[in-house]
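Structure assessment
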Amino acid sequence: MKTEDFKFLVEQAIKAPSGHNTQPWKFENTDDGIIIHPDFSRALPVVDKDNHALYISLGCAIENIIISASVKGLESKIYYPEDAKGSIMILFNSANASNVKTDPLFESITSRQVNRSKYSDKIVSNEDLQMLNSSFKFQGISLLLLNGKTSFANVIPLIIEGNNLQFNNKQFVNELTSWFRYSKSEAEKTKDGLWTAAMGLPNMGKLIGNMVMKNFVPAKSEAKRIQDILEHTQGLAIFISDKDDVASWINIGRAFQRFGLTATKLGISHAHLNMPCEEVTVRQKLAKALDVEGSHPLLLIRYGYAEKKMPYSYRRNFEDVVLNK
């Protein structure tokens, strides 16, 4: 495709969220489309052993591409990989450009962000909940909205259980902290990872930051922080797939991206609380608690109205994420 169109679409794609902001993608230009390659050098083998979260991240980027392609009058068709090692191809068709309508979610791509701050007590209206609930339609993917603190009381212990398993696992903590960016200068240099300022944490040097996170943030302390956050959360959004395969993982990401962009358009903030989905034993308990046994709750997001704005996470440059310039 035209170089300028390719660059435009990739620049929108990289604004998508990814686990630990690893940005595990590479984009390749072809005559009539884009190939999205998983970048396994940016995988998270401890927290994401089967790479399902990596492909959810790719799904978010793919949806940004499809939404942005509509601005160019391009119809999109996705070709899914057969396994969790393959790449995804999107082919574009401009033959029916006059019939392609610009997706209204395009205007929210730049402003969307994960906001990890505490949320206010403002209630999300039924009208807005309906818009969130209808933000996507992908076969085999469903959304469960638990609105109001009483509706997700039975999920909180599972969030804490998942958190405790992770923070008592030294390998998990080491992997997590390896993606922390403790200062603005470090975040600007790497343009990836979890900038502590975007997480509401103080500016620290790498040496001190790693020492604090690895030695002075026990599971109990992190659990207390999460419980406090849940006290300032209006609802939980749980993305569930019928199947546990690579196409479903990608579509979970596409669904989440449309949800996040819709929430942004409505002025509603969101952030991950994905611990019970990341730990398989807890995920099974979560499915039972939600009465969806046999299905796969793979993504848990909290939502509400943010009390304060947070800095945006950095993204790598176009030149760093493409295979052919």
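A short tour of the structure in this document, coming up. (Residues numbered from 1 in each chain as written. Predicted model: local features only at pLDDT ≥ 70, side-chain atom pairs only at ≥ 80, totals over all residues. Heavy atoms only, no water.)

Describing the overall build of the protein chain
Inclusion rule: The numbering of helices and of strands both runs from the N terminus, where a helix is a DSSP run of H or I of at least 4 residues and a strand a run of E of at least 2. For the radius of gyration, the atom set is restricted to C-alpha positions; the globular benchmark scales as 2.2 Å times the number of residues to the power 0.38. Only heavy atoms enter the contact rule, under which two residues are in contact if any of them lie within 4.5 Å. Shrake-Rupley sampling with a 1.4 Å probe provides the accessible areas, and residues are treated as covered by the protein chains on show and by no other component. For the charge count, each Lys or Arg is scored as positive and each Asp or Glu as negative, with His and the chain ends excluded. To locate a charge, the coordinates of NZ of Lys, CZ of Arg, CG of Asp or CD of Glu are taken.
Scanning the protein chain from N- to C-terminus turns up 11 helices and 10 strands. By the compact-globule yardstick of 20 Å for 325 residues, the protein chain fits well, its C-alpha radius of gyration being 19 Å. For the protein chain, the C-alpha atoms occupy an extent of roughly 55 × 45 × 35 Å along the three principal directions. Intrachain contacts of the protein chain at a sequence separation of at least 6 include 77% that bridge at least 24 residues. With an accessible surface of roughly 14,800 Å², the protein chain has 51% of that area assigned to carbon and sulfur atoms. In the protein chain, 39 side chains carry a positive charge and 36 a negative one; their mean positions are 5 Å apart.

Things to note about the nonpolar core
Under the convention used in this document: For our purposes a nonpolar core is just a set of buried Ala, Val, Leu, Ile, Met, Phe, Trp, Tyr and Cys residues, chained together by side-chain atoms within 4.5 Å. The buried label applies to any residue whose accessible area, calculated with a 1.4 Å probe on protein chains only, is under 20% of its type's maximum; exposed applies above 50%, and partly exposed to all values in between.
Trp25, Phe27, Ile36, Phe92, Phe239 and Phe259 are the most contacted members of the largest nonpolar core, which has 54 residues in total. A per-element tally of this core places helix α2 (residues 52-71) first, with 10 residues. The next biggest cluster of nonpolar side chains, apart from the first, holds 21 residues, and it includes Ile240, Leu273, Met275 and Leu286.

Considerations on the pairing of strand β8 (residues 235-241)
Stated precisely, the cut-off is as follows: Between any two strands, pairing holds if DSSP finds at least two bridges.
Of all seven residues in β8, seven are buried; the element is thus mostly enclosed. Side chains of β8 alternate between two faces, with Gly235, Ala237, Phe239 and Ser241 and Leu236, Ile238 and Ile240 buried alike. With seven bridges joining them, strand β5 (residues 141-147) and β8 adopt antiparallel strand pairing. Among the inter-strand pairings, asparagine 147 is bridged to a residue of β8, identified as glycine 235. Here β8 runs beside strand β10 (residues 296-304); their pairing, made up of seven bridges, is antiparallel. If you follow leucine 236 over to β10, its bridge partner there is arginine 302.

Regarding the sheet that holds strand β4 (residues 88-93)
To keep things clear, this is the line we draw: All axes are obtained by fitting lines to C-alpha atoms, using only the stretch in contact for helices, and the reported angles, taken between N-to-C directions, cover 0 to 180 degrees.
The strand order across the open sheet built from four strands is β1-β2-β4-β3, with neighbouring strands paired in antiparallel fashion. Of all the strands in the sheet, the pair left with one neighbour each is β1 (25-29) and β3 (75-79). With strand direction ignored, the average angle separating the axes of adjacent strands in the sheet is 20°. Strand direction decides the pairing type here: β3 and β4, joined by five bridges, are antiparallel. Of the residues in β4, the one forming a bridge with isoleucine 78 is isoleucine 90. Contacting β1, β2 (33-38) and β4, helix α1 (residues 3-13) runs over the sheet at an angle of about 165° to β1.

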